[in-house]
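So you can see what is in the structure, the chains are spelled out below.
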Amino acid sequence: MISQSSGLSIQNTSLFDNICDTIVTASKAVTSIKLEDLPKLWESILNGLKELGKTLIQQVKDFFFKDFPGLIIDVGMIVVSLVNRDMEKVSQKAKSALNHLMKVLEILSLIPLFALVCSILLAAIYLCQQDWLNAVCALI
């Protein structure tokens, strides 16, 4: 056992098992937040936004002008493909839309509280795609 509280174990032989265990362990921090923690968390979020100001604004601008138009096009193509019952095209465009949305998660990951949530979401997405390297990187 690596950690009594995490459930991580050296007996887990697959990378998939280790990543799943890490996601579950990280999620415990999010689910343990209580109402009385919210004012401190809010202050932490505000401080994080202040520190990231210029970089965050530039990344949001880049998303808006580079990824947002593609996201809108992907959503439109998903609807057209659904009407035409072309499920392969729906899947392709949904993956493309997800790639655009991952940019939003990357931006949100710069804010301390959202960093953990985004790490979990990105790790889960990469895990489902069997992209082991990015799954592990998302958790770091």
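Residues numbered from 1 in each chain as written. Predicted model: local features only at pLDDT ≥ 70, side-chain atom pairs only at ≥ 80, totals over all residues. Heavy atoms only, no water.

Chemist: Which residues make up the overall build of the protein chain, and what values go with them?
Modeler: What the protein chain contains, in helices and strands, is five helices and zero strands. What you see in the protein chain, going N to C, is helices and strands ordered as α-α-α-α-α. Here the protein chain has a C-alpha radius of gyration of 18 Å; the compact-globule value for 140 residues is 14 Å, and the former is much larger. When its C-alpha atoms are laid out on the principal axes, the protein chain stretches across 50 × 40 × 25 Å. Taken over 140 residues, the protein chain has a buried fraction of 24%. In the protein chain, once contacts between residues fewer than 6 apart in sequence are set aside, the share between residues at least 24 apart is 50%. In the protein chain, which carries 12 positive and 13 negative side-chain charges, the distance between the mean positions of the two groups comes to 5 Å. (Helix = DSSP H or I, 4+ residues; strand = E, 2+ residues; numbered from the N terminus. Rg over C-alpha atoms; globule rule 2.2 N^0.38 Å. Buried < 20%, exposed > 50% of the residue type's maximum accessible area, 1.4 Å probe, protein only. Contact = heavy atoms within 4.5 Å. Lys, Arg positive; Asp, Glu negative; His and termini not counted. Charge placed at Lys NZ, Arg CZ, Asp CG, Glu CD.)

Chemist: Go over the nonpolar core with me, naming the residues and quoting the values.
Modeler: Core analysis: the largest hydrophobic core is formed by 14 residues, its most contacted members being Ile19, Ile23, Met102, Leu105, Leu122, Tyr126 and Ala138. Filtering out sequence-adjacent residues up to four positions away, isoleucine 19 remains in contact with Leu127, Trp132, Ala135, Val136 and Leu139. Counting residues in hydrophobic clusters, the runner-up holds five residues, among them Leu56, Phe63, Ala97 and Ile107. (Core = buried A, V, L, I, M, F, W, Y, C linked by side-chain atoms within 4.5 Å.)

Chemist: Now, about the pattern of salt bridges: what can you tell me, with residues and values included?
Modeler: Counted by the stated rule, this structure contains one salt bridge. When the shortest N-O distance is used, the salt bridge between aspartate 74 and lysine 93 registers 4.0 Å. Linking aspartate 74 in helix 2 (residues 38-83) with lysine 93 in helix 3 (residues 87-108), this pair joins segments that are 19 residues apart in sequence. (Salt bridge = Lys/Arg side-chain N within 4 Å of Asp/Glu carboxyl O.)

Chemist: I'd like a rundown of helix 2, residues and numbers included.
Modeler: The terminal C-alpha atoms of helix 2 lie 44 Å apart, and with 46 residues this falls more than 12% below the ideal 68 Å at 1.5 Å per residue. Lining the buried residues of helix 2 we find helix 3 and helix 4 (112-128). (Expected span 1.5 Å × (residues − 1).)

Chemist: Go over the packing of helix 3 against helix 4 with me, naming the residues and quoting the values.
Modeler: Between helix 3 and helix 4, whose axes approach to 8 Å, the crossing angle comes to 150 degrees. Judged by the angle between their axes, helix 3 and helix 4 are roughly antiparallel. The hand of the helix 3/helix 4 crossing is left-handed. Mapping the contact onto sequence places Leu98, Met102, Leu105, Glu106 and Leu108 in helix 3 and Phe114, Ala115, Cys118, Leu121, Leu122, Ile125 and Tyr126 in helix 4. For the contact of helix 3 with helix 4, a count of residues per class yields eleven nonpolar, no polar and one charged. (Axes fitted to C-alpha atoms, helices over the stretch in contact; angles between N-to-C directions. Parallel < 35°, antiparallel > 145°, perpendicular 65-115°, else oblique. Left-handed = near helix turned anticlockwise from the far one by under 90°. Nonpolar A, V, L, I, M, F, W, Y, C, P; charged D, E, K, R; others polar.)

Chemist: Summarise the side chain of aspartate 74; cite the residues concerned and give the values.
Modeler: A residue is classified by how much of its surface remains accessible, and aspartate 74, at 4% relative accessible area, is buried. Those residues in contact with aspartate 74 that lie beyond four places of it in its chain are Lys93, Ser96, Ala97 and His100.

Chemist: Residue-level account of a nonpolar patch on the surface, with values.
Modeler: A grouping of Leu15, Phe16, Trp132, Val136 and Ile140 is seen on the molecular surface, where their side chains present a nonpolar patch of about 470 Å² in accessible area. If you list the elements that add at least two residues to the nonpolar patch, you get helix 1 (15-31) and helix 5 (132-139). (Patch = residues over 30% accessible without salt bridge, like charges linked within 9 Å, V, L, I, M, F, W, Y side chains within 5 Å. Areas by Shrake-Rupley, 256 points an atom, 1.4 Å probe, with all protein chains shown as cover.)

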